[in-house]
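# Chains, contacts and geometry: an overview
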Amino acid sequence: MEDGAATKEATVAGAGETMSDAEGYASEKSGREVEYFGWVYHLGVNSIGHEYCHLRYLVLKGTYVAMYKREPGNHRGIKPIRKGVVNHTLVVEELGRHNFNNGEFYVLRFYNRLDQTKKGEIACGSAGEARKWIEAFEQAKQQAEYNLLRGSSRHKLSIDNELNLEGHRPRVRRYAKDLRKKLIKIGKGPEMLIRRSSGLGSHLRRETYIEADVEDVIETHKWRCVRTVNGIRIFEDVTNLKGARGLLLKSVGVIEANADTIFEVVLSPDRHKRYEWDMLTGDLELVDSVDGHYDVVYGTYEPTQLNWWRSKKDFVFSRQWFRGQDESYTILQFPAVNKKRPQRSGYQRTKINPSTWEIRRLNTSDSSTAKCQVTLMLEVPAKSWGIWRRNQYSNFDRTIPYALLCQVAGLKEYFGANPALTSYSPSTIVDSPISDSSNAHTEFKDSEVDEEFFDAIASSDSLEDEDSDDEIELPKAGNMKLKNVSWAILALKRSKAVLERSELDANSPSIIIDPSQFHGSMRQGKGETDTNCWSSPSGQGFMIRGKNYLKDYSKIVGGDPLLKLIGVDWFRADNSIDKVALHPKSFIQSEAGKRLPFILIINLEIPSKPNYSLVLYYAAEKPINKESLLGRFLDGTNMFRDSRFKLIPRIVEGYWMVKRAVGSKACLLGKAVTCKYLRQDNFLEIDVDIGSSSVARSIISLVLGYITSIVVDLGILIEAKEEEELPEYILGTVRLNRVRVESAVPFWDES
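As the structure is a computational prediction, the values presented were derived from the model and not from experiment. (Residues numbered from 1 in each chain as written. Predicted model: local features only at pLDDT ≥ 70, side-chain atom pairs only at ≥ 80, totals over all residues. Heavy atoms only, no water.)

## Quick look at the overall build of the chain
The secondary structure content of the chain amounts to 22 helices and 33 strands. Here the chain, with 751 residues, has 57% of them falling under the buried criterion. With an accessible surface of roughly 31800 Å², the chain has 49% of that area assigned to carbon and sulfur atoms. (Helix = DSSP H or I, 4+ residues; strand = E, 2+ residues; numbered from the N terminus. Buried < 20%, exposed > 50% of the residue type's maximum accessible area, 1.4 Å probe, protein only. Areas by Shrake-Rupley, 256 points an atom, 1.4 Å probe, with all protein chains shown as cover.)

## A word on the pattern of salt bridges
For the structure on display, the rule yields 32 salt bridges. Residues E358 and R660 are paired through a salt bridge, measuring 2.6 Å at the closest nitrogen-oxygen approach. Accessibility expressed as a relative area gives 17% for R660, which makes it buried. What you see here is one network of salt bridges that share partners, running through R131, E135, D260, E327 and R361. (Salt bridge = Lys/Arg side-chain N within 4 Å of Asp/Glu carboxyl O.)

## Some thoughts on the sheet that holds strand 29 (residues 674-680)
In space, the six strands of this open sheet follow the order 29-30-25-26-24-33, with mixed pairing throughout. Unpaired on one side and paired on the other, strand 29 and strand 33 (745-746) mark the two borders of the sheet. (Pairing = 2+ DSSP bridges.)

## Observations regarding the sheet that holds strand 28 (residues 667-668)
Pairing within the open sheet is antiparallel, and its five strands lie in the order 21-32-31-27-28. The two strands at the open ends of the sheet, each matched to only one other strand, are strand 21 (533-535) and strand 28. In this sheet, strand 32 (residues 732-737) lies alongside strand 21 in antiparallel orientation, the contact comprising three bridges. By the bridge assignment, C533 is partnered in strand 32 with N737.

## A few points about the confidence of the model for the chain
Any residue range with low pLDDT should be treated as having predicted coordinates unsuitable for detailed reading. Of the residues in the chain, 72% have a pLDDT of 70 or more, and the chain-wide mean is 76. Taken as a whole, residues 1-31 scores under 50 in pLDDT and shows 121 contacts with residues more than four places along the chain or in a different chain. Confidence drops under pLDDT 50 across residues 198-213; counting only partners more than four residues distant or on other chains, this segment forms 65 contacts. (pLDDT = per-residue confidence, 0-100. Contact = heavy atoms within 4.5 Å.)

## Quick look at unusual backbone geometry
Peptide bonds are trans in most cases, and residues, glycine excluded, mostly fall at negative phi. Going from K609 to P610, the amide bond is cis rather than trans, its omega being 0°. The phi torsion at N532 lies on the positive side, around 50°, for a residue other than glycine. Positionally, N532 belongs in the loop between helix 15 (496-503) and strand 21. Assessed through its relative accessible area of 11%, N532 is described here as buried.

## Brief notes about the packing of helix 5 (residues 259-267) against helix 9 (residues 407-417)
For the pair helix 5 and helix 9, the least separation of the axes is 12 Å and the interaxial angle reads 120°. In terms of crossing hand, the pair formed by helix 5 and helix 9 is right-handed. Across the interface between the two elements, T261, I262, V265 and V266 from helix 5 touch L411, Y414 and F415 from helix 9. Of the residues in the contact of helix 5 with helix 9, the class split is six nonpolar, one polar and no charged. (Axes fitted to C-alpha atoms, helices over the stretch in contact; angles between N-to-C directions. Left-handed = near helix turned anticlockwise from the far one by under 90°. Nonpolar A, V, L, I, M, F, W, Y, C, P; charged D, E, K, R; others polar.)

## Considering helix 7 (residues 382-390)
Three or more residues of helix 7 are buried, namely W385, G386 and W388. End-on view of helix 7: buried residues confined to an arc of 165°, all on one side of the axis. Structural note: helix 7 exposes K383 and R390 on the side pointing more than 90 degrees away from its buried face. Of the surrounding secondary structure, the elements contacted by the buried residues of helix 7 are strand 10 (223-229), strand 11 (232-237), strand 12 (247-255), strand 19 (372-380) and helix 8 (400-405). (Arc of directions from axis to C-beta.)

## Here we look at the packing of aromatic side chains
Enumeration over the complete set of coordinates arrives at 17 aromatic pairs. Between the aromatic rings of W133 and F137, the centroid separation amounts to 5.8 Å while the plane-to-plane angle is 40°, which identifies the pairing as tilted. Linking W133 with F137, this pair stays in helix 2 (residues 127-150), spanning four residues, or about one helical turn. A relative accessible area of 2% places F137 in the buried class. Arranged with centres 5.5 Å apart and planes meeting at 80°, the rings of Y549 and Y553 form a pair that is edge-to-face. Since its relative accessible area comes to 7%, Y549 is described here as buried. Given the relative accessible area of 29%, Y553 is considered partly exposed. Three or more aromatic residues link up through ring pairs in this structure, and these residues are Y106, F263 and Y329. The ring of W321 carries R97 above its face, with NZ or CZ at 5.7 Å from the centroid. (Phe/Tyr/Trp six-rings, centres within 6.5 Å; stacked < 30°, edge-to-face > 60°. Lys NZ or Arg CZ within 6 Å of the ring centre and 35° of its normal.)

## A short note on the side chain of S508
When you line up the elements, S508 lands in the loop between helix 15 and strand 21. Among the polar contacts listed, one links the side chain of S508 to the side chain of D505, at a separation of 3.1 Å. Sequence-distant contacts of S508, that is, excluding residues within four places in its chain, are made with K622 and P623. (Polar contact = N/O pair within 3.5 Å; in protein donor to acceptor, adjacent residues only side chain to side chain.)

Okay, structure coming up:
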């Protein structure tokens, strides 16, 4: 279907289980397929500009998507009203949490990486469901990539889709009659979605498990337990960090619930639920929703427990949240000022301590029980903490910080008293031969598939949709314990020559790289106290996958980087900057640049007003071994590069809230944001569009606000996924020391 000029559509959905990459490919080879199906809401704008809400049945089967007005299993012969193909160019972006129609939903955006005008949105009933739909569509995308790489005539459809997004699609052969499937029914039926959208139903719950992992950077804080309260531990940070504005405290507890459910409970302003676990911020009211990852709330507190208060208190604070690639959640909370909520009569305005929530899944041998480690961290004035300590914490239990720290204990008891919150599963897995319902779902595969999924979901509202009998019109609206210590020692002693023998061409002579021949707009630092500069640290601040990672998930300390950092550019421009290496003024085009065996250019495009680009240049002393992992990355497909290009951030010095926002886990950049690759001559340029992700935009916006007081290390590497690729190694590093935004120079085209 063609795009409408003013069309915005969404789907409200529940989501089910997904497979790993290996399982997905195994399914293709063994004749076994996973199918996802369930009831959804489909939202959009009709031809006269009215928003609508339709109850629909969504099916994702292999790389094919269809949407029905009725459940196909109960209505034989029913045809899909929308259908499409998931292509390898599909991008799924998480837009965050939005409130509409008296309910809270989590929005995803679909678009074509090659043509971003083809896009649509879906909204899921919970954070966990959004995550599962992302995984499901990612699995479909990976299957499309596998089909394309295999070059099978059976999957010629995907190739045609890539070349002609709106062209005619040939028929797809029907699957074999005896094909066995893994059927996953999502949700409990339409009545659950109706109750949720009307605000009458409780949050859906789901279970999922991932392996607990060692942090990817060396921890700079030193924590000491000072109290245990109701099954939680309270710690103080005994590290005297530079740039610290106060002293950090944190409470840590293990809660038997999945991370998605805990996240939703923490964010929910529902006072009936908050009264059961939150003694301080139980009365919350949503004041403003800036985007799907940021809002402002107003709350009141009447002194009953904190009895030294002589008046009622009210407060305003902002909340910003992110979901990491390891499926953990981070919530940042700052005191705020909002004109919509001035001080209430009879109340005294107070400030809530800056704090963060971190919700991380724990690995458990008991697959029937989900467990998470929940951490609440906050900042208190060092002077106040000293007084409490000298008084042996006698008054500490009547303070706002104590009430905030005890929220973890309240959550733990709340989930313990409500086992239904964790026992509910939103999906049902059926492992059987093709069912009647499944037969009905194959119907759309035999018809002409005229568009890719992002075309169908973004297309104009059809007449069949408009006269739906289930329409609802919406209102306008330092001491880390290392596993495998022997491998950690090996990594530190691993010589550069060993790396060169495997990743670089051993038969080619080395050249001497003269840094004086290469000058970027940002200068190289002369010492640790130097500012607005760069340097190249060792990789010892990073934790990377060890030799036995596939067996025991052990990580090792990183060694020296393989490539040498020879320059850094810090540009500003009105428009985004890309293809830097092709510019005549780039030293890549100089005679000295052309003599280098290989150059890797990392262009981090930072959205702002104006836009900025941080360009890193790394050089090799020898040509790259084409059979090595690095060689396969350089000359591989964009799909392969997206799945392997990894960055580890590490805030060495800076405000602790920024540290928590940036995190300490590695990120596959090609999966998180849009990356474009330019491979020519002796270089590979990777243009990283940070603005392509709303989550990344939020984080970088926070970082820019504190950038002059931050020292940050970045580690760049290629993720190892096979045993012969392990252990990992650091490809390159950079340290940015208190960079000044105004020091960025105009890009060459605008200078």
